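Coordinates in review
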Amino acid sequence: MPANPVVMADAIRVLSMEAVHKARSGHQGMPMGMADVATVLWTRFLKYDASKPDWADRDRFVLSAGHGSMLLYSLLHLTGFKAVTRQQLEDFRQWGSNTPGHPEYGHTPGVECTTGPLGQGLATAVGMAMAERSLAARYGSDLVDHRTWVIAGDGCLMEGVSHEAISIAGRLKLNRLTVLFDDNNVTIDGVATIAETGDQLARFKAAGWAVKAVDGHNHGQIAAAMRWAVKQDRPTLIACKTRISKGAGPKEADPHSHGYTLFDEEIAVARQAMGWTAEPFTVPEDIEKAWRAAGRKGARHRKAWEARVKADPKGADLTRAMKGDLPKNAFDALDAYVAKIAENPTANATRTQSGAALAELTPAIPEMIGGSADLTGSNNTFVKGMLPFDLPDYAGRYVHYGVREFGMAAAMNGMALHGGVIPYSGTFLVFSDYSRPAIRLGALMGIRVIHVMTHDSIGLGEDGPTHQPVEHVASLRAMPGLLVFRPADAIEAAECWKAALQERAMPSVMCLSRQKTGVARHSGGDLSAKGAYEVSPAKGEAQVTLFASGSEVAIALSAQLLLQADGIDTRVVSTPCWELFDRQTPAAQAAVIGKASVRVAVEAGVRMGWEKFIGQDGVFVGMSSFGASAPYERLYKEFGITPEAVAAAARKALK
């Protein structure tokens with residue numbers, strides 16, 4: 001006799017409350033409340049194979065409400081994912097376990113996305129759905145045909161990024177995306193309505209979604225809604241009316257049970273209410289068999305797909321792209337371009353030089369998908385010949401994200417997590433404040449996403465201090481797991497793009513100037529991959545070393561000429577990427593820093609971090625305040641970031 005699906009859901013409830021109880025930490029409320037919805041999804045609709053967590057054509061499941069991680073860990077354990085054993089459930093939230101407090105991508109097989117910061121999972125899932133559509137257009141539906149499912153709660157839908165995400169998805173009609181809304185009217189402070197008056201179904205419908213409401217504990221209604229969802233021509237929201245901590249006896253539907261850890265007597269009452277008599281962390285054999293069967297049933301679909309991939313002429317390329325390997329000869333055109341411009345280098349804005357590098361790269365790397373947050377002409381992220389990513393076939397490679405920096409960055413994370421796509425997109429560097437939470441999550445997950453951030457300093461000029469980033473480069477450099485590039489000229493811009501694309505396990509930020517910069521380099525050699533290097537040696541033994549990045553390298557080179565004219569031997573070091581410099585050997589780093597008695601750094605931003613090159617006693621020429629509105633030449637003069645000021649600072653330090 002088949003196992004009762006309600007009892008199968010109870011297995012999730014019991015495992016969740018027991019793990020949280022043993023850890024004395026966590027959130028059993030949401031897993032218990034959404035156990036019925038998850039059971040219907042994972043046993044009847046989700047396409048996956050527990051024996052092959054990374055199967056490329058699997059459905060993606062994103063637990064946006066990541067605090068309810070025990071829901072996901074219970075599902076992974078019950079369906080037979082080898083990484084999540086009974087012992088792992090008992091070690092929930094403990095050092096070294098595969099079951100951390102919030103789901104972590106790359107840490108636990110079966111976890112598609114790191115979640116916890118509410119709303120980001122939903123926004124990331126939009127990117128996954130975009131990647132699926134892009135790859136289906138490129139490789140065909142025989143090889144790419146899957147869905148993205150999301151569980152989100154009241155908190156996720158309160159976060160502003162959810163508005164950005166659902167607008168993008170609705171505009172693009174991403175019909176392979178379904179959000180299962182845990183509609184329990186609960187937040188940490190109490191019922192959600194103490195802070196929320198909105199109608200979520202009306203909001204999603206207004207954004208272009210198809211919507212439906214069901215009883216989240218009625219398996220028949222849930223299944224009918226999921227059957228309806230997969231037939232729609234647009235993204236779908238299923239609002240599942242649930243009771244938090246369902247099955248927990250007196251604590252069921254308690255608005256304070258979001259993070260409430262049940263006591264021994266409350267666990268006993270809950271078990272009695274569910275008729276659960278098995279030992280802790282033990283699932284009765286018939287229930288376990290039913291769950292394991294659900295975890296195995298996708299194997300036949302996977303094997304059939306593998307056969308299609310093997311037989312299809314495009315199959316090998318899909319496999320390559322999903323692995324993250326770049327095409328052969330990916331950089332041939334870029335290298336030829338660098339060799340050409342080295343013969344006759346010209347001054348230009350690095351945003352323009354970045355665009356020129358992209359013109360060589362995007363034809364050679366078809367998985368690159370670009371975009372901008374409504375600043376295409378300013379960011380230079382569009383390459384001539386690109387078509388918009390849009391209906392009817394999603395074959396285009398340029399995304400118009402609108403003024404949605406956070407949603408854009410999170411969607412790019414989703415594209416990279418999905419695989420087969422290398423996303424890049426642009427905004428102004430000062431607006432990295434809007435996208436920073438998604439940049440941070442991308443760094444935490446270790447995924448290849450490239451954020452193009454133009455207008456990188458006071459050099460943008462007349463728009464004034466609201467648009468002039470002075471602390472942003474330093475704050476991004478402070479983030480672990482992120483490559484921050486600030487190229488000085490055309491050659492460095494090309495080299496930085498190459499380094500970013502070669503880095504498979506870290507996101508990158510390209511900090512690019514609006515104003516024209518001088519020429520720093522006259523030859524190739526991939527020197528930017530070193531992170532920092534001597535761009536101009538001293539004539540003799542150096543007394544002064546000038547360090548600079550980006551547009552200020554030209555200023556340092558001019559200051560070098562002034563100092564050399566005074567008989568002061570000076571060298572210049574360009575520092576396009578500090579994180580790559582940190583990877584060099586101590587000996588290589590010491591050689592770049594050199595032995596000059598005076599070290600001066602120049603950058604049109606704050607000093608923070610420059611001690612790595614100049615030490616605590618070094619001289620810094622840069623910003624210690626916000627900027628102002630004026631032509632950039634006047635700003636550099638007024639704030640003392642000029643060759644003359646740099647030379648004067650070096651002379652003073654020599655005395």
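Structure report, in brief. Predicted model only: the values in this text are computed from it and were never measured. (Residues numbered from 1 in each chain as written. Predicted model: local features only at pLDDT ≥ 70, side-chain atom pairs only at ≥ 80, totals over all residues. Heavy atoms only, no water.)

1. Section: the overall build of the protein
Applied cut-off: In this description a helix means any DSSP run of H or I spanning at least four residues, a strand means any run of E spanning at least two, and both kinds are numbered starting from the N terminus. For a compact globule the rule gives 2.2 Å times the number of residues to the power 0.38, and the radius of gyration it is set against comes from C-alpha atoms. Burial status follows relative accessibility: with a 1.4 Å probe on protein chains alone, a residue under 20% of its type maximum counts as buried, one over 50% as exposed, and anything between as partly exposed. Residue contacts are counted whenever heavy atoms from the two residues lie within 4.5 Å of one another. As used throughout, the charge tally considers Lys and Arg to be positive and Asp and Glu to be negative, leaving His and the chain termini uncounted. Just so you know, the charge point we use is NZ for Lys, CZ for Arg, CG for Asp and CD for Glu.
Each helix and strand counted, the protein has 27 helices and 20 strands in total. Against the compact-globule benchmark of 26 Å for 655 residues, the protein has a radius of gyration of 27 Å, which places it among compact chains. C-alpha extents for the protein along the principal axes are approximately 90 × 55 × 45 Å. Looking at the protein as a whole, 61% of its 655 residues are labelled buried. In the protein, once contacts between residues fewer than 6 apart in sequence are set aside, the share between residues at least 24 apart is 77%. Averaging the positions of the 69 positive and the 69 negative side-chain charges in the protein gives two centres separated by 4 Å.

2. So, the nonpolar core
The condition is simple: Among buried residues, the Ala, Val, Leu, Ile, Met, Phe, Trp, Tyr and Cys ones that are joined through side-chain atoms within 4.5 Å form a nonpolar core.
Grouped together as the largest cluster of nonpolar side chains are 126 residues, with contacts concentrated most on Trp 42, Met 130 and Met 226. In terms of nonpolar packing, the next biggest core, distinct from the first, is built from 34 residues, Leu 334, Leu 361, Tyr 398 and Tyr 424 among them.

3. Digging into the pairing of strand 17 (residues 544–548)
To keep it simple, the criterion reads: Only strands that DSSP links by at least two bridges are regarded as paired with each other.
Burial analysis of strand 17 places 5 of its 5 residues in the buried class, which makes it a mostly covered element. Across the two faces of strand 17 the burial is the same, with Val 544, Leu 546 and Ala 548 and Thr 545 and Phe 547 all buried. By the bridge criterion, 5 bridges tie strand 17 to strand 18 (residues 570–574) in an arrangement that is parallel. Within strand 18, the position partnered with Thr 545 by the bridge is Arg 571. As paired strands, strand 17 and strand 19 (residues 598–602) are joined by 5 bridges and run parallel to one another. Within the sheet, the bridge partner assigned to Val 544 lies in strand 19 and is Val 598.

4. Some thoughts on the packing of helix 1 (residues 5–23) against helix 4 (residues 69–79)
Note the threshold: Here an axis means a line fitted to C-alpha atoms, over the contact stretch when the element is a helix, while the angle between two N-to-C directions is reported on a 0 to 180 degree scale. Every angle not falling under 35 degrees, over 145, or within 65 to 115 is termed oblique; those three ranges are roughly parallel, roughly antiparallel and roughly perpendicular. Here a crossing is taken to be left-handed if its near helix is turned anticlockwise relative to the far helix by less than a right angle, and right-handed if that turn runs clockwise. Each residue is assigned to one of three groups, with Ala, Val, Leu, Ile, Met, Phe, Trp, Tyr, Cys and Pro labelled nonpolar, Asp, Glu, Lys and Arg labelled charged, and all others, Gly among them, labelled polar.
Closest axis-to-axis distance for the helix 1/helix 4 pair is 9 Å, and the angle between their directions is 120 degrees. Classified by the angle between their axes, helix 1 and helix 4 sit oblique to one another. Between helix 1 and helix 4 lies a crossing of right-handed hand. Listed contacts from helix 4 to Ala 11, Ile 12, Leu 15, Ser 16, Ala 19 and Val 20 of helix 1 are Met 70, Leu 71, Ser 74, Leu 75, His 77 and Leu 78. A breakdown of the residues in the contact of helix 1 with helix 4 according to their chemical character gives 9 nonpolar, 3 polar and no charged.

5. Here's the deal with helix 4
Burial within helix 4 is extensive, with 11 of its 11 residues counted as buried. For helix 4, the full list of buried residues reads Ser 69, Met 70, Leu 71, Leu 72, Tyr 73, Ser 74, Leu 75, Leu 76, His 77, Leu 78 and Thr 79. Immediately beyond the C-terminal end of helix 4, within one or two residues, lies Gly 80, with a positive phi of roughly 100 degrees.

6. A few points about the pattern of salt bridges
Formally: When a carboxyl oxygen of Asp or Glu lies within 4 Å of a side-chain nitrogen of Lys or Arg, that pair is called a salt bridge.
Following the criterion strictly, the structure yields 38 salt bridges and no others. We note a salt bridge from Glu 18 to Arg 271, for which the minimum N-O separation is 2.5 Å. Residue Glu 18 is located in helix 1, and its partner Arg 271 is located in helix 11 (residues 264–274); the two are separated by 253 residues in the primary sequence. Pair check on accessibility: Glu 18 and Arg 271 agree, each one buried. Across the salt bridge formed by Glu 132 and Arg 133, the nearest N and O atoms sit 2.7 Å from each other. Connected via shared salt-bridge partners are Asp 456, Arg 477, Arg 486, Glu 552 and Glu 603.

7. Looking at the packing of aromatic side chains
What counts here: Between 30 and 60 degrees the pair is tilted, below 30 it is stacked and above 60 it is edge-to-face, where a pair is any two Phe, Tyr or Trp rings, Trp via its six-membered ring, whose centres lie within 6.5 Å.
Across all of its chains, the model carries 17 aromatic pairs by this definition. Judged by centre distance (5.7 Å) and plane angle (85 degrees), the rings of Tyr 424 and Trp 497 are edge-to-face. On the criterion of sequence distance, the pair formed by Tyr 424 in strand 11 (residues 422–428) and Trp 497 in helix 21 (residues 490–502) is long-range, its members being 73 residues apart. Both residues of the pair, Tyr 424 and Trp 497, belong to the buried class. Look at Phe 547 and Phe 613: their rings are 5.5 Å apart centre to centre, the planes differ by 35 degrees, and that puts the pair in the tilted class. Of this pair, Phe 547 sits in strand 17 while Phe 613 sits in helix 25 (residues 611–614), and the two are 66 residues apart along the sequence. Each member of the pair, Phe 547 as well as Phe 613, is classed as buried. Grouped by ring-pair contacts, the aromatic residues Phe 547, Trp 578, Phe 581, Trp 610 and Phe 613 constitute a single cluster.

8. Structural notes on helix 18 (residues 405–418)
Three or four residues apart is the spacing at which side chains of an α-helix point the same way, because the helix has 3.6 residues per turn. As a reminder, the rule being used: For a helix, the expected span equals 1.5 Å multiplied by the number of residues minus one.
Taking 1.5 Å of rise per residue, 14 residues should cover 20 Å, and helix 18 covers 20 Å from first to last C-alpha, within 8% of that figure. Here helix 18 lies mainly inside the structure; 14 of its 14 residues are buried. Gly 419, located one to two residues past helix 18, shows a positive phi value of around 95 degrees.

9. Examining unusual backbone geometry
In this chain, Leu 391 is followed by Pro 392 through a cis amide linkage whose omega measures 5 degrees. Relative to the helices and strands, Pro 392 is located in the loop between helix 17 (376–379) and strand 10 (398–400). The backbone of Arg 24 sits at a positive phi, close to 55 degrees, despite the residue not being glycine. Tracing the backbone shows Arg 24 in the loop between helix 1 and helix 2 (29–33). Arg 24 gets classed as exposed once you look at its relative accessible area, which sits at 56%. Even without glycine at this site, Asn 329 takes up a positive phi of about 60 degrees. Inspection of the secondary structure puts Asn 329 in the loop between helix 14 (315–323) and helix 15 (332–343). With a relative accessible area of 55%, Asn 329 lands in the exposed category.

10. A closer look at the side chain of Ser 16
Following the sequence through the fold, Ser 16 ends up in helix 1. In contact with Ser 16, not counting residues within four places along its chain, are Gln 28, Pro 31, Met 70, Leu 71 and Ser 74.

11. Things to note about the pairing of strand 11
We count it as follows: Crossover handedness is defined by viewing with both strands directed away from the observer: a clockwise path from the first strand over the helix to the second marks the crossover as right-handed.
Of all 7 residues that make up strand 11, 7 are buried, and the element is covered over most of its length. Where strand 9 (residues 368–372) lies against strand 11, 3 bridges are found, and the strand directions are parallel. Considered in strand 11, the bridge of Ile 369 is made with Pro 423. Where strand 11 and strand 12 (residues 450–454) come together, 5 bridges link them in parallel fashion. Bridged to Gly 426 within strand 12 is Val 452. Between the parallel pair strand 11 and strand 12, the chain is carried across by helix 19 (residues 432–445), and the sense of this crossover is right-handed.

12. Topic: the packing of helix 3 (residues 35–45) against helix 10 (residues 219–229)
Between helix 3 and helix 10, the shortest axis-to-axis distance is 10 Å and the interhelical angle comes to 50 degrees. Here helix 10 runs oblique to helix 3, going by the angle between their axes. As helix 3 packs across helix 10, the resulting crossing turns out to be right-handed. Where helix 3 approaches helix 10, its residues Asp 36, Val 37, Thr 39, Val 40, Leu 41, Arg 44 and Phe 45 are matched on the opposing element by His 219, Ile 222, Ala 223, Met 226 and Arg 227. Split by residue class, the contact of helix 3 with helix 10 holds 7 nonpolar, 2 polar and 3 charged.

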